[in-house]
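Structure assessment
So the chains spell out like this:
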Amino acid sequence: MTTTSPTRLDAIADRIRLRAVRMVAAHGFGYLGQALSSAELVGALFADHYEPDRDDLVVSPGHYIIAAFAAGPELGLIDEAELATYGFDGSRLEAIGTEKSPIVDLVCGSLGSGLSGAVGFALANRMADKDDARVFTLISDGELEEGQLWEAVLFAAHHRLGSLTVILDANDSQVDGPVSSITTLEPIAAKFEAFGWAAFDVDGHNAEAVSTALASAIADPRPAVVIGRTSTRHGLDVLPPDADGHFIKLPAELAQAAIAELEARLA
Amino acid sequence: MRSQPYATVLKPYGRALVDLAKTREDIVCLTGDLTRQCEIDLFQDEIPERFIHAGMAEANMMSMAGALARRGHIPFVHTFGVFATRRPFDQIVNSIAYPKLPVRIVGFMPGVSSPGGPSHQAIEDVAIMRAIPGMTVIDVADAVEIAKALPAIVDIPGPVYLRLKRGEIPVIFDDDHEFRMDRAQVLRDGDDLAIAANGMMLSAALAAADTLAAAGVSATVVNVPVVKPIDRTTIAAVARRVPAVLTAENHTIVGGLGSAICEVIAEEGIGVKVARVGLNDTFAEGSRTAPSLFAKYGLSTQSLVDRAWALLGREGAAPVVEAIPVAEGEYAPV
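Figured I'd write up the structure that's included with this text.

Here we come to the overall build of chain B. Within chain B, the secondary structure is distributed over 12 helices and 15 strands. For 334 residues, the compact-globule estimate of 2.2 N^0.38 gives 20 Å, and chain B sits close to it at 19 Å. Every one of the 334 residues in chain B was classed for burial, and the buried ones make up 56%.

Residue and element names in this part refer to chain B. Of all five residues that make up strand β5 (residues 104-108), five are buried, and the element is covered over most of its length. Of the two faces of β5, the one carrying R104, V106 and F108 and the one carrying I105 and G107 are both buried. One ladder, built from five bridges, connects strand β4 (residues 74-80) with β5; its direction is parallel. Residue pairing in the sheet places F76 in a bridge with R104 of β5. Across five bridges, β5 lies against strand β7 (residues 160-164) in parallel orientation. Counted as the bridge partner of G107 is R163 from β7.

Residue and element names in this part refer to chain B. Residues L257, G258, S259, A260, I261 and I265 constitute the buried set of helix α10 (residues 257-267). Packed against the buried residues of α10 are α6 (125-130), β10 (193-197), β12 (226-228), α9 (232-240), β13 (244-252) and β14 (273-279). G269 lies just past α10 and shows a positive phi near 70°.

Adjacent strands of a sheet form backbone hydrogen bonds with each other and so pair up, either parallel or antiparallel. Residues and elements named next belong to chain B. Across the sheet, which stays open at both edges, the seven strands sit in the order β3-β2-β4-β5-β7-β6-β12 with mixed pairing between neighbours. Here the strands that pair on one side only, and so sit at the sheet edges, are β3 (51-53) and β12. When strand polarity is set aside, the average angle formed by the axes of neighbouring strands in this sheet is 20°. Inspection of the sheet shows strand β6 (residues 136-139) paired to β12 by two bridges, in the antiparallel sense.

Counting residues at the interface gives 17 residues for chain A, matched by 20 residues for chain B. Taken together, the elements giving at least two residues each to the side of chain A that touches chain B come down to β3 (106-108), α4 (114-127) and α5 (147-158) of chain A. Ranked by residue count, the leading element in the side of chain A that touches chain B is α4(A), at seven residues. Broken down by class, the residue content of the side of chain A that touches chain B amounts to eight nonpolar, seven polar and two charged.

As a further point, take the pairing of strand β2 (residues 56-61) of chain A. As a general feature of sheets, a regular strand has side chains that alternate between the two faces. Residue and element names in this part refer to chain A. Most of β2 is tucked away: six of the six residues are buried. Bridging between β2 and strand β4 (residues 135-140) involves four bridges; their strand directions are parallel. Within β4, the residue paired with D56 across the bridge is V135. Two strands pair when backbone bridges link them, and β2 and β3 are joined in this way by three bridges, in the parallel orientation. Its bridge partner lying in β3, P61 is registered against C108.

The next subject is the packing of helix α3 (residues 58-70) of chain B against helix α5 (residues 89-97) of chain B. All names here are of chain B. The geometry of α3 relative to α5 is characterised by a closest axis approach of 8 Å and an angle of 10° between their N-to-C directions. By the criterion of interaxial angle, the relationship of α3 to α5 is roughly parallel. Across from A59, M62, S63, A65 and G66 in α3, the residues of α5 making contact are Q91, I92, S95 and I96. The residue makeup of the contact of α3 with α5, split by class, is five nonpolar, four polar and no charged.

Our focus in this paragraph is the nonpolar core. Counting residues in each nonpolar core, the largest one holds 202 residues, and the members touching the most others are A:V119, A:V226, B:I195 and B:A205. Considering each element in turn, this core owes the most residues, 10 residues, to helix α2 (residues 32-48) of chain A. Residues from two domains meet in this core; each of domain 1 (6-170) and domain 2 (185-313) of chain B gives at least three. Once residues within four sequence positions are removed from consideration, A:V119 is found in contact with A:A152, A:F155, A:A156, A:L161, A:L164 and B:M64.

Moving on, we come to the sheet that holds strand β15 (residues 330-331) of chain B. Residues and elements named next belong to chain B. In space, the three strands of this open sheet follow the order β8-β1-β15, with antiparallel pairing throughout. With partners counted over all chains shown, the strands left at the sheet margins are β8 (168-170) and β15, one partner each. Of the strand pairs in this sheet, strand β1 (residues 6-10) and β15 are connected by two bridges, and their pairing is antiparallel. Each residue of the ladder has a partner; that of Y6, found in β15, is Y331.

Definitions and limits used
Residues numbered from 1 in each chain as written. Chains lettered and ligands numbered in written order. Predicted model: local features only at pLDDT ≥ 70, side-chain atom pairs only at ≥ 80, totals over all residues. Helix = DSSP H or I, 4+ residues; strand = E, 2+ residues; numbered from the N terminus. Rg over C-alpha atoms; globule rule 2.2 N^0.38 Å. Buried ≥ 20, exposed ≤ 12 C-beta atoms within 10 Å, placed from the backbone. Pairing = 2+ DSSP bridges. Contact = placed C-beta atoms within 7 Å. Axes fitted to C-alpha atoms, helices over the stretch in contact; angles between N-to-C directions. Nonpolar A, V, L, I, M, F, W, Y, C, P; charged D, E, K, R; others polar. Parallel < 35°, antiparallel > 145°, perpendicular 65-115°, else oblique. Core = buried A, V, L, I, M, F, W, Y, C linked by C-beta atoms within 7 Å. Domains from an automatic or database assignment.

What follows is the structure, given as structure tokens:
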């Protein structure tokens, strides 16, 4: 793990936001909220912990692939210019992740199945004696409504898959509205702990806190989850307060204001 | 071919999988809590380091198997056919089939072979697996086919659904029987009609052909273990030289073997009448024993004879199938 100043991590998160705004602006709408809420989570992971040649990266909710694409240039995993093809016909950068999606080892359009894939990778690593390899999995809080996810949580604990680290974007957002208004998930950390996992509950927009929690999660011998408390509008003050977190409308004028806000902060 | 009643063996699949896995380090074995019932207690005992108990969690099991396949393993995934297909359908589609991964899904206890009622009777598994792009679907008839099918499927690049009878498995074919992924086999020749069957209905088809022959009706019998991709060549050749085709499957007549054969016959432009034996768009029910369900829902040997008789428009009552005396450990067709 490299030591990184909070300023550097914050800048990485804002660069993820800026790239995501540009990718979505080309269409006028899209999965921007997912990138805004997970920018620090993915940024801290990429900057301080994830090593692509050694580790596996799973993005369970396919809509979050925008965050992995936008973070990709930080590790040289994708050419910055290719991001402009996001969502267009024929591009491998599809808006909902598929088998064509670069950067990740697995992305799942059908929600709630990514952790099962991560469990499979962790088992395969164990059978291959790859003791250093880690499996990082980004999941969203809405996915906790799917039963399959808890099947995987049970399996991982029983089989002591300590190489698993879950980054949970608790942005309280799903298609029909706030997750908390639809299904009570709390206490999330206590649920994971009761299932035999280590859980670290942090402000998901405090990049340094996220990185520290990830270090603790990695060090813990149990499978571990870092729960990042986030917002789908964080880091973009120009967004209207009623912006739909799942699928944000970004007309040209708003996009220009968003780009200006982020460029000013990164200057 | 051997004659009825057939001798039976126990755990031919479990034995064949262990034998194959001993020569193939890439095979891993997954179970959904029905280990002995799926004959893989043998694998658990002999190759425990490659045995993964997923618990009663089929969705997780399928997605996990997909990830293991991405890492170079060939996962054989086991549970009853109902739980192997209905419950984790989305996971089979997204985690296995769409990425074209070599996962082998093995579903035991097909159709009404279970007296356990609709929750345990896999009556549409062939149909839904057949609908998945790139999925190979196989329904084998006996212990010899099982043992020969395993080496034939292990290196198929994409996913496979293998449907297997549970418990005592008849031995129908001779040891030198040839199993081919790309060939249905004409087991006997006749001019009056053709009966195409697989799985548990194959022995019933052979028995029905015997009864029909005694009544002056000569039937071709075709064994079609590979439902997808189906052997169009053999089926079309057979259908062209008979006036009627009867299909027989231990499954709903919607979407399974009967449908697949109708598709071939229609697409080849062959004008031949077809009747499909199988569950006629209905669920069955629980019972004390399975043979009563085969009889009630029109899947018995007598049902095949009756349907053939009607299909050919023969006068008078259909010939009666004589019951074959069965000793302990022997198997007679349903």
